[in-house]
Amino acid sequence: MTTKHKPNRLANEKSPYLLQHAYNPVDWYPWGKEAFDRAKKENKPVFLSIGYSTCHWCHVMERESFEDEEVAELLNRDYVSIKVDREERPDVDHLYMSVCQAMTGQGGWPLTIIMTPEKKPFFAGTYFPKARRYGRHGLMDILPQIAGKWKENQDKVIEIGEQVVEETQKRLIANLEGDLSEELLDRAFEMYERMFDSSYGGFGDAPKFPTSHNLSFLLRYWKRTGNEKALHMVEKSLDAMFRGGMYDHIGYGFARYSTDEKWLVPHFEKMLYDNALLTMTYVEAYQATGKRWYADVAEQIIAYVLRDMTDPQGGFYSAEDADSEGEEGKFYVWSPQEVKQVLGEEEGELYCEVYDITEDGNFEGHSIPNLIHATVETMARLKQLDESELKERLEASRQKLFAHREQRIHPHKDDKILTSWNGLMIMALAKAAKALDNPEYADAAKKAAAFILTKLRREDGRLLARYRDGESAYLGYADDYAFLVWGLIELYEATFEPDYLRQAVELNDEMLRLFWDEAKGGLFFYGEDGEQLFTRPKEIYDGAMPSGNSAAALNLQKLSRYTYNAALAQKAEQQLKAFAGSVERYPSGHALFLMAVDFAYGAPTEIVIAGDPVKDDTQAMIREVRQSFLPNALTILRTSDPAVAEETGRLIPLVQDKLPLGGRATVYVCENYACQSPVSDLEELRELLNL
């Protein structure tokens, strides 16, 4: 970002992305009435550019074009230019990304749209250089041509915009009704099996995204069927992702995706939502297999988030950039000389050998630390070293390298706090708190929930989407509600504090009021009180991030079972039916929705633990249940505290007659709508739960 020009209108915004463009010579507007009114008044097309602050190619396009006087002159003369942060306005981004994919067959950021003053698009693309290069058209060619067509044959251009709108509206009809069956889960597994990369893990070709919810579905499929291939795909992928350079072996946390099939070279930006979802899946893998290293990875991811991505007030920041000092990945790469300078010759040589740091390098002449070709275990055998001693030496070296790296110029951090992504991180922390028996994770989740529920909720209860620099803004979207409700449900099970479940029920009710489609079922992307764009889409695709509709499908079932609410149970059924046809077309693109289907067809299980939570026997029962992989079970504590027990009973009718027997902690397991005999012995509990 240059500051040699006068600030434009974006200087008054809070979004880090918009502020990055505040000193461009382009006469930018934020999305809003003022921009479109001017476009109508002056009869000019609108140039819409959508991106986000940690996007590498967004930075490139800004440097090449939006900081350029010649490009700015064309835009300022012939267009009204609007900048949008996709993370603040996912409704605008989702709609116009659908346009781009329909018109060009692909999408991505930066997203470039040219449209009429009535917001109807007639041109779409992604990154454009200033001048034509490598077969890619340049803005200096495109902008005059389109401006000329607008002036010469405006009626034809408007007609194209009308056609694009019509086609986009057809494509965005996500909820094709159908009838669900358990066979859908088998078909999805078969698709994953065909796409699975048996050499390097993951699915499909490069670039590879973690999409950890695919793996979480496969864990459930393994639990349901006993199919070991499903578990193998999960373990192979989790192992390969961790060993690759996509994982930050020095400072922890995962990058957004790998540019190659081996998971070696990442796109270096780190996103909160990826790290939340990966935490969830590594925790579940630990529960499913009992292998401690999955828990270790989850703990490392959380350490990164709590250290680098947490606001002092408790909310979680959005992302860290791929670039520093204008170079992608510069913060993260090493040379053998630098490593040895920090660690000394002997320890430096060892670290470089283990983590593949070489003179030639594996990324533009430098090295990304990775364990693709070796593991600590194999290196210990090769060097005839004690494995635990080697681990201690490598950890001591990592800490020194981390301290050294901290002195480098850091990538930009997008410190805005998004309700939806915070909901996912609350969910992940709560899951980790339960499975890893770590109350500090529950405390971090509670602090984040308190932040969201106070800073990002209006007095009338309406959720807002974004907080930054003291300002909360933008009406919350379906994802904000669904992901936060998901987080609060998990937080209830991590703390057994009934207020979290009550908040989840309230927000879920509010979500249905604002987003529910009474005609066809399912949730619209934005609320009935939001800005009405040229169509009101629904999203069900579980891509890099799962959809709000899929999360809601799971939430509705859980809440209806917790509360014995028949109306919610009906909504849960309608939610699944509304999207069944869409999901049947491409099951493997809807992993979280499939998890909701698995929940629906699984044997309903409620586990009520009755006892004093401070006593050892109650704690032992709680730990046993929490450390087990029981994805379709609801866990409830019927505490000995009369006030808490009464509040829990009002929310969860099932607990009202569940009491400790003989002065001992007692567990009641109800499965398939029938309750088993209560047990007060750990071995009997394990037998009852088939552990």
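In the block above lies the structure referred to throughout.
Not measured: the values here are computed from a predicted model. (Residues numbered from 1 in each chain as written. Predicted model: local features only at pLDDT ≥ 70, side-chain atom pairs only at ≥ 80, totals over all residues. Heavy atoms only, no water.)

Trainee: Account for the sheet that holds strand 12 (residues 413-414), with residues named and values stated.
Mentor: Spatially, three strands are ordered 8-9-12 in an open sheet, and the strand pairing comes out antiparallel. Either end of the sheet is taken by a strand with one partner, and the two such strands are strand 8 (270-271) and strand 12. Pairing between strand 9 (residues 319-320) and strand 12: two bridges, direction antiparallel. By the bridge assignment for strand 12, Glu320 is matched with Lys413. (Pairing = 2+ DSSP bridges. Helix = DSSP H or I, 4+ residues; strand = E, 2+ residues; numbered from the N terminus.)

Trainee: I'd like a rundown of the sheet that holds strand 17 (residues 633-639), residues and numbers included.
Mentor: Paired through backbone hydrogen bonds, the strands of a sheet run either parallel or antiparallel to each other. Taken in spatial order, the four strands make up an open sheet running 17-16-18-19, and their pairing is mixed. A strand with exactly one partner marks an edge of an open sheet, and here the two such strands are strand 17 and strand 19 (674-675). Contacting strand 16 (605-611), strand 17 and strand 18 (666-671), helix 24 (residues 616-626) crosses the sheet at an angle of about 160 degrees to strand 16. (Contact = heavy atoms within 4.5 Å. Axes fitted to C-alpha atoms, helices over the stretch in contact; angles between N-to-C directions.)

Trainee: Tell me about the packing of helix 18 (residues 439-455) against helix 19 (residues 478-495), and please be specific about residues and values.
Mentor: Angle between the axes and distance between the axes are the two parameters that describe a pair of packed helices. Relative orientation of the contacting elements helix 18 and helix 19 amounts to 140 degrees, with a least axis distance of 11 Å. Classified by the interaxial angle, the pair formed by helix 18 and helix 19 is oblique. Considering only the axes of helix 18 and helix 19, their crossing is left-handed. Packed against helix 18, whose contacting residues are Ala442, Ala445, Lys446, Ala449, Ile452 and Leu453, the element helix 19 presents Leu484, Leu488, Leu491 and Thr495 at the interface. Across the contact of helix 18 with helix 19, the residue classes tally to eight nonpolar, one polar and one charged. (Parallel < 35°, antiparallel > 145°, perpendicular 65-115°, else oblique. Left-handed = near helix turned anticlockwise from the far one by under 90°. Nonpolar A, V, L, I, M, F, W, Y, C, P; charged D, E, K, R; others polar.)

Trainee: I'd love a proper account of the state of the cysteines, names of residues and values included.
Mentor: On inspection of all chains with the given rule, the structure shows two disulfides. The partner cysteine of Cys670 in its disulfide is Cys675, sulfur to sulfur 2.0 Å. Negative torsions about the S-S bond denote left-handed disulfides, and the value of about 90 degrees found for Cys670 with Cys675 makes this one right-handed. Exposure remark for Cys670: the relative accessible area of 3% places this residue in the buried category. If the cysteines joined by disulfides in the chain are listed in sequence order, their pairing comes out as 1-2, 3-4. Unpaired in this structure, Cys100 has its nearest cysteine sulfur neighbour in Cys58, at a distance of 13 Å. (Disulfide = S-S within 2.5 Å. Buried < 20%, exposed > 50% of the residue type's maximum accessible area, 1.4 Å probe, protein only.)

Trainee: Account for the nonpolar core, naming residues and giving values.
Mentor: Grouped together as the largest cluster of nonpolar side chains are 198 residues, with contacts concentrated most on Phe217, Leu218 and Tyr282. For this core, the element with the highest residue contribution is helix 19, accounting for 12 residues. Residues within four places of Leu218 in sequence aside, it is in contact with Phe189, Tyr192, Phe203, Ala230, Met233 and Val234. Grouped together as the second largest cluster of nonpolar side chains are 29 residues, Ala35, Phe36, Ile50 and Phe534 included. (Core = buried A, V, L, I, M, F, W, Y, C linked by side-chain atoms within 4.5 Å.)

Trainee: Tell me about the pairing of strand 3 (residues 80-85), and name the residues and values.
Mentor: In terms of burial, strand 3 is largely enclosed, as six of its six residues are buried. Judged from the three bridges that link them, strand 1 (residues 28-30) and strand 3 form a sheet pairing that is parallel. Its bridge partner lying in strand 3, Trp28 is registered against Ser81. Sheet analysis places strand 2 (residues 46-51) next to strand 3, joined by six bridges and oriented parallel.

Trainee: Explain helix 12 (residues 292-308) to me, and be specific about the residues and the numbers.
Mentor: In a regular helix each residue adds 1.5 Å, so 17 residues correspond to 24 Å; helix 12 covers 25 Å between its end C-alpha atoms and thus fits that length. Every buried residue of helix 12 is listed here: Tyr294, Ala295, Val297, Ala298, Gln300, Ile301, Ile302, Tyr304, Val305 and Asp308. (Expected span 1.5 Å × (residues − 1).)

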